[in-house]
Amino acid sequence: QQAVEPVLFNVNAVVVEMDKMLGPLLGEDIKLAIRTDPGVGTVNMDRGQFAQVLMNLSVNARDAMPGGGKLTIETANVVLDAEYPRTHADVTPGDYVLLAVSDAGTGMSEKVKAHIFEPFFTTKAPGKGTGLGLATCYGIVKQAGGHMSVDSEEGVGTTVKVYLPRTLETSEAVVRPLVKTPTHGAETIQI
């Protein structure tokens, strides 16, 4: 676990900010499509860690498409009902913000899928990956009270879904009023 500074924020803002960084990172052969739900809710987690999750998932998607392809990043509000935990352990039903990262890459077998969140598990060639990217994402999401799931089919592609608890508070609630401070003054401090 890392030291975190949870703040209220709208995930769309981070996705849009990351768009500028992701383009050059993904390369010319990867077409990036971003679909954000304008009504997406607010989450309460470390903003930098959310950006790290998005970056790791995007890099994994890029690596799964060595010949190029399409990477799609989506956000939405979702409700996980009482049925969902029956097929996904350790999930609390409720309101969530979904971040989905989809690629049209090589996909994964069921055997590989069963191990992807384990530290040091990798399908990449030696020197190409540490096996910590998805394990780190999983830890960050769990620490924020969320959940991750993976849908994948060999030869078709993969979608990684990140579910983060949606808060009723709005991100504006954490914006501090700007207070003008004098740039210079005539006061003297005595010790």
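Just so it is clear, the model here is predicted, and its values are computed rather than measured.

## Quick look at the environment of Val-78
Relative to the helices and strands, Val-78 resides in strand β4 (residues 69-80). Residues in contact with Val-78, not counting those within four places in the same chain, are Gly-94, Asp-95, Tyr-96, Leu-98, Tyr-163 and Arg-166.

## Notes on helix α1 (residues 11-26)
Of all the bends found along α1, the most pronounced is centred on Lys-20 and spans about 40 degrees, while Pro-24, a proline, follows it within four residues. When α1 is considered as a whole, its buried residues turn out to be Val-11, Asn-12, Val-14, Val-15, Met-18, Leu-22 and Leu-26. In the core, the buried residues of α1 are packed alongside β1 (6-10), β2 (30-35), β3 (42-46), α2 (47-63), β4 and β5 (94-103).

## Quick notes on the packing of aromatic side chains
Inspection of the entire model under this criterion finds two aromatic pairs. Note on Tyr-96 and Tyr-163: the rings are 6.4 Å apart at their centroids and 85 degrees apart in plane angle, and the pair reads as edge-to-face. Here the residue Tyr-96 occupies a position in strand β5, and Tyr-163 occupies one in strand β7 (residues 157-165), the gap between them amounting to 67 residues.

What counts and what doesn't
- Residues numbered from 1 in each chain as written.
- Predicted model: local features only at pLDDT ≥ 70, side-chain atom pairs only at ≥ 80, totals over all residues.
- Heavy atoms only, no water.
- Helix = DSSP H or I, 4+ residues; strand = E, 2+ residues; numbered from the N terminus.
- Contact = heavy atoms within 4.5 Å.
- Bend = angle between axes of the 7 residues up to and from the residue.
- Buried < 20%, exposed > 50% of the residue type's maximum accessible area, 1.4 Å probe, protein only.
- Phe/Tyr/Trp six-rings, centres within 6.5 Å; stacked < 30°, edge-to-face > 60°.

Taken by themselves, the reported measurements are silent on function.
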